[in-house]
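# Commentary on secondary and tertiary structure
If you want the building blocks of each chain, they are given just below.
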Amino acid sequence: MAVGILEVNLISGKALKRSDFLGKIDPYVEIKYKGQTRKSSVVKDGGRNPTWNEKLKWRVEFPGSGTDYKLTIKVMDHDTFSADDFIGEATVYVKELLEMGVENGKMELRPTKYNVVDSDLSFVGEITIGLSYSVVQENGMEGEEFGGWKHSQF
């Protein structure tokens, strides 16, 4: 099993559906991977075409438990005086990215547009993200030196 860092480069949104009757939206994104959720900043008055340019990271084991190697990207509208509104979501499958990253030590996917859909699967805009996965070296006992002696396993 390899341990690595999955990084999402959250770039922008385009033509996001308005959820407020006033027409202004303050979008942010919640991205979930296997129970771990990361949240972007809110783009105040970002409107329908917000720009984030943020990197969000997860520590990922591959192959890990379960088979749901996907990112669920929820686009939300921040509201000050009421509950935040759900605009839509996109799903990005990352199994192949993780497999190639384990095989090569690192794998990167250039920024790509993904359709954002609402609960009835209607198109409500696009989101652009880039992805990368890098294997990290775990600090284990094998090959470490202790007081001039090299510790090894037999």
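Remember, it's a predicted structure, so these values are computed and weren't measured experimentally. (Residues numbered from 1 in each chain as written. Predicted model: local features only at pLDDT ≥ 70, side-chain atom pairs only at ≥ 80, totals over all residues. Heavy atoms only, no water.)

## Some points on the overall build of the protein chain
In terms of regular secondary structure, the protein chain is built from one helix and 10 strands. Of the regular secondary structure in the protein chain, the N- to C-terminal order runs β-β-β-β-β-β-α-β-β-β-β. Taken across its 154 residues, the protein chain has 38% of its residues classed as buried. Surface summary for the protein chain: the accessible area is close to 9,500 Å², and the carbon and sulfur share equals 49%. (Helix = DSSP H or I, 4+ residues; strand = E, 2+ residues; numbered from the N terminus. Buried < 20%, exposed > 50% of the residue type's maximum accessible area, 1.4 Å probe, protein only. Areas by Shrake-Rupley, 256 points an atom, 1.4 Å probe, with all protein chains shown as cover.)

## Some details on the packing of aromatic side chains
Under the defined criterion, the tally for this structure stands at one aromatic pair. With a centroid separation of 5.1 Å and 65 degrees between ring planes, the pair formed by phenylalanine 62 and tyrosine 69 is classed as edge-to-face. You'll find phenylalanine 62 and tyrosine 69 in the same group, each marked buried. Sitting over the ring of tyrosine 69, lysine 34 keeps its end group 4.3 Å from the ring centre. Over the face of the ring belonging to tyrosine 28 we find lysine 39, whose NZ or CZ atom lies 4.6 Å from the ring centre. (Phe/Tyr/Trp six-rings, centres within 6.5 Å; stacked < 30°, edge-to-face > 60°. Lys NZ or Arg CZ within 6 Å of the ring centre and 35° of its normal.)

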